[in-house]
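Reading the structure
Chain by chain, the residues:
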Amino acid sequence: DTDPSYFPPIHDVTGAAYVPKRCWIDVEQAILEAKHIVCLTGWSIFTETALTRCGKGEEDRTLGELLKEKAAQGVEVRVMVWDELLSRQSGPMSTGIMATHDEETVKYFEGTSVVAAKVGRVDENVGWVGGMAISGLFTHHQKSVICDAPVPG
């Protein structure tokens, strides 16, 4: 996350100062504070990503580790990723042609309390060829994080 003091002050229409949010810090904090449920959905959710960096020789906690910790605490953790048609369980295409890491993500959570699933896109009204195009080619690079934690700020 960028230090908000780097940017000049921004004021809304009422004249109140806008304070930028700290995206990854806020996401990590919301997951840490969750008591009941954490749901992540996305085109790609890479378990080895560190949401925040500790620095000074400390180990950065990865998203995957954080989710496994929450599940071990009894929090319901669900992860849904796009099922990329061209990814494979092993070999040179294991990350997929678009590097979605869908196979790796589901495999990472096997044997843990985290429920992870690959979900393809389906449109039954476009025929076989259109269905392959929709399920394999078109997706949005959007993510959602849903937690029962209070919203910071």
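So, here is what we can say about the structure in this document. Not measured: the values here are computed from a predicted model.

**Examining helix 1 (residues 23-33)**
Every buried residue belonging to helix 1 is among Asp26, Val27, Glu28, Ala30 and Ile31, and all of these are buried. Buried residues along helix 1 sit against strand 3 (37-42), helix 2 (63-72) and strand 6 (143-147).

**Some remarks on the pairing of strand 3**
What you see with strand 3 is a clean split: Val38, Leu40 and Gly42 sit on the buried side and Ile37, Cys39 and Thr41 on the side with no burial. In the sheet, strand 3 pairs with strand 6 via five bridges, with the strands oriented antiparallel. Each bridged residue has a counterpart across the sheet, and for glycine 42 the counterpart in strand 6 is lysine 143.

**Side note on the sheet that holds strand 5 (residues 115-119)**
Read from one edge of the open sheet, four strands run 5-4-3-6, paired in mixed fashion. Where the open sheet ends on each side, the last strands, each with one partner, are strand 5 and strand 6. When the angles between neighbouring strand axes are averaged without regard to direction, this sheet yields 10°. Here helix 2 sits on the sheet in contact with strand 3 and strand 4 (76-82), set at roughly 145° to strand 4.

**Let's talk about the pattern of salt bridges**
Under the counting rule described, the total for this entry stands at three salt bridges. The partner of glutamate 69 in a salt bridge is arginine 61, and the shortest N-O contact between them spans 3.2 Å. Using a relative accessible area of 33% as the deciding quantity, one classes glutamate 69 as partly exposed. By relative accessible area, which is 28% here, arginine 61 ends up partly exposed.

Conventions used here
- Residues numbered from 1 in each chain as written.
- Predicted model: local features only at pLDDT ≥ 70, side-chain atom pairs only at ≥ 80, totals over all residues.
- Heavy atoms only, no water.
- Buried < 20%, exposed > 50% of the residue type's maximum accessible area, 1.4 Å probe, protein only.
- Helix = DSSP H or I, 4+ residues; strand = E, 2+ residues; numbered from the N terminus.
- Contact = heavy atoms within 4.5 Å.
- Pairing = 2+ DSSP bridges.
- Axes fitted to C-alpha atoms, helices over the stretch in contact; angles between N-to-C directions.
- Salt bridge = Lys/Arg side-chain N within 4 Å of Asp/Glu carboxyl O.

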